[in-house]
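Each chain is listed here by its residues.
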Amino acid sequence: MQKQLKVTETTEEERVDKNDKKKLTAADLDQVRRLEGFPLGRDEEIIKLSDPPYYTACPNPFLLNFVDRYGKPFDSAADNYHREPFASDVSEGKNDPIYNAHSYHTKVPHRAIMRYILHYTEPGDLIFDGFCGTGMTGVAAQLCGSPDPELKLQVEQEIPGVKWGARRAVLGGSLTCSHIHCL
Ligand SMILES: C[S@@+](CC[C@H](N)C(=O)[O-])C[C@H]1O[C@@H](n2cnc3c(N)ncnc32)[C@H](O)[C@@H]1O
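About the thresholds
- Residues numbered from 1 in each chain as written.
- Predicted model: local features only at pLDDT ≥ 70, side-chain atom pairs only at ≥ 80, totals over all residues.
- Helix = DSSP H or I, 4+ residues; strand = E, 2+ residues; numbered from the N terminus.
- Buried ≥ 20, exposed ≤ 12 C-beta atoms within 10 Å, placed from the backbone.
- Core = buried A, V, L, I, M, F, W, Y, C linked by C-beta atoms within 7 Å.
- Contact = placed C-beta atoms within 7 Å.
- Near = placed C-beta within 6 Å.
- Nonpolar A, V, L, I, M, F, W, Y, C, P; charged D, E, K, R; others polar.
- Pairing = 2+ DSSP bridges.
- Axes fitted to C-alpha atoms, helices over the stretch in contact; angles between N-to-C directions.
- Left-handed = near helix turned anticlockwise from the far one by under 90°.
- pLDDT = per-residue confidence, 0-100.

Naming follows an unreviewed UniProt entry, where the protein chain appears as DNA methylase N-4/N-6 domain-containing protein of Syntrophaceticus schinkii.

J.: Now, about the overall build of the protein chain: what can you tell me, with residues and values included?
T.: Check the secondary structure of the protein chain and you find seven helices and four strands. Taken from the N to the C terminus, the helices and strands of the protein chain come in the order α-α-α-β-α-α-β-α-α-β-β. Expressed as a percentage of the 183 residues in the protein chain, the buried residues total 24%.

J.: Break down unusual backbone geometry for me, citing the residues and quoting the values.
T.: Residue P53 follows P52 across a cis peptide bond; omega there is 0°. Relative to the assigned elements, P53 resides in the loop between α3 (43-49) and β1 (55-56).

J.: Please give an account of the nonpolar core that cites residues and values.
T.: Ranked by size, the top nonpolar core spans 14 residues in total, and within it M114, A140, A141, L143, C144 and A169 carry the most contacts. Elements supplying a minimum of two residues to this core: α5 (110-120), α6 (136-143) and β3 (168-173). For this core, the leading source of residues is α6, giving five residues. Ignoring sequence-local partners within four residues, the contact set of L143 consists of H110 and M114.

J.: Hey, could you go over the environment of H105 for me, with residue numbers and the actual values?
T.: Turning to its location among the elements, H105 is positioned in the loop between α4 (63-70) and α5. For the pair H105 and T134, spaced 29 residues apart in sequence, the C-alpha separation works out to 9.9 Å.

J.: Can you explain the site of the ligand? Please cite residues and give values.
T.: Among the twelve residues in the neighbourhood of the ligand, the closest are listed as F131, G133, T134, M136 and S174. Its residues assigned to classes, the shell around the ligand comprises six nonpolar, five polar and one charged.

J.: With reference to specific residues and values, describe the pairing of β3.
T.: With respect to burial, β3 is a largely interior element, five of its six residues being buried. Sheet analysis places strand β2 (residues 126-129) next to β3, joined by four bridges and oriented parallel. Its bridge partner being in β3, F128 is matched across the sheet by V170.

J.: Pulling in residues and values, what's your account of the packing of α5 against α6?
T.: At a minimum axis distance of 8 Å, the contact between α5 and α6 shows a crossing angle of 65°. As α5 runs across α6, the sense of the crossing is right-handed. Only M136, T137, V139, A140, A141 and L143 of α6 make contact with α5, whose side of the interface consists of H110, I113, M114 and I117. Residues belonging to the contact of α5 with α6 are distributed by class as follows: eight nonpolar, two polar and no charged.

J.: Any chance you could break down α5 for me, citing the residues and the numbers?
T.: For α5, the set of buried residues is H110, R111, I113, M114, R115 and L118. Of the surrounding elements, those touching the buried residues of α5 are α6 and α7 (149-158).

J.: Break down the confidence of the model for the protein chain for me, citing the residues and quoting the values.
T.: When pLDDT is averaged along the protein chain, the result is 85; 84% of the residues meet or exceed 70. Considering each helix and strand of the protein chain separately, the mean pLDDT is smallest for helix α1 (residues 12-17), with a value of 47, and largest for α5, with 97. Scored below 50 in pLDDT, residues 1-8 shows ten contacts in the model against residues more than four places distant or in partner chains. Between residues 14-19, whose pLDDT stays under 50, and residues either more than four places distant or in other chains, the model counts four contacts.

Okay, structure coming up:
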């Protein structure tokens, strides 16, 4: 039986202290080896490049546990989700230190992505970005829980009733393989 992924609201150090950091093993890789996109590389190299359970340099074998734990199953009878389309100009510069941490030709400033996440989702929701590039959606999802004061003020004027709080992100793509962002 698969072990449950244990993710708690703690710092990375606390997580490691609690021996909470899951090891990536060849048996874990066996679960995803046959998926399209599994890298052409030796197991030990994939394992060395990974930071389980959050980042794996291959399809993430811990993803199901994560979704089981944090996802809310769709209930067609009770679901009343509705949002009007987000129709507002969004303009953000490219001089933020996070934006400049590493360059990428199609990178989107995380402060811009935050507007869409805040409009369309609730705190704690799961967000999937399957073409995540440098992972700015993950950064944006987490920073919805701790926006800088200037952005907070600005967004509260743009989106009345905005609900602050981190969202959880699942990211994938040719650049990043599989990454889970959570608190
Ligand atoms: C527009 S970029 C996303 C940029 C991202 N929002 C950021 O801020 O860095 C789209 C990404 O999807 C990746 N991609 C495109 N087609 C893909 C595919 N079929 N499978 C996996 N990744 C793909 C590209 O390599 C690129 O990194």
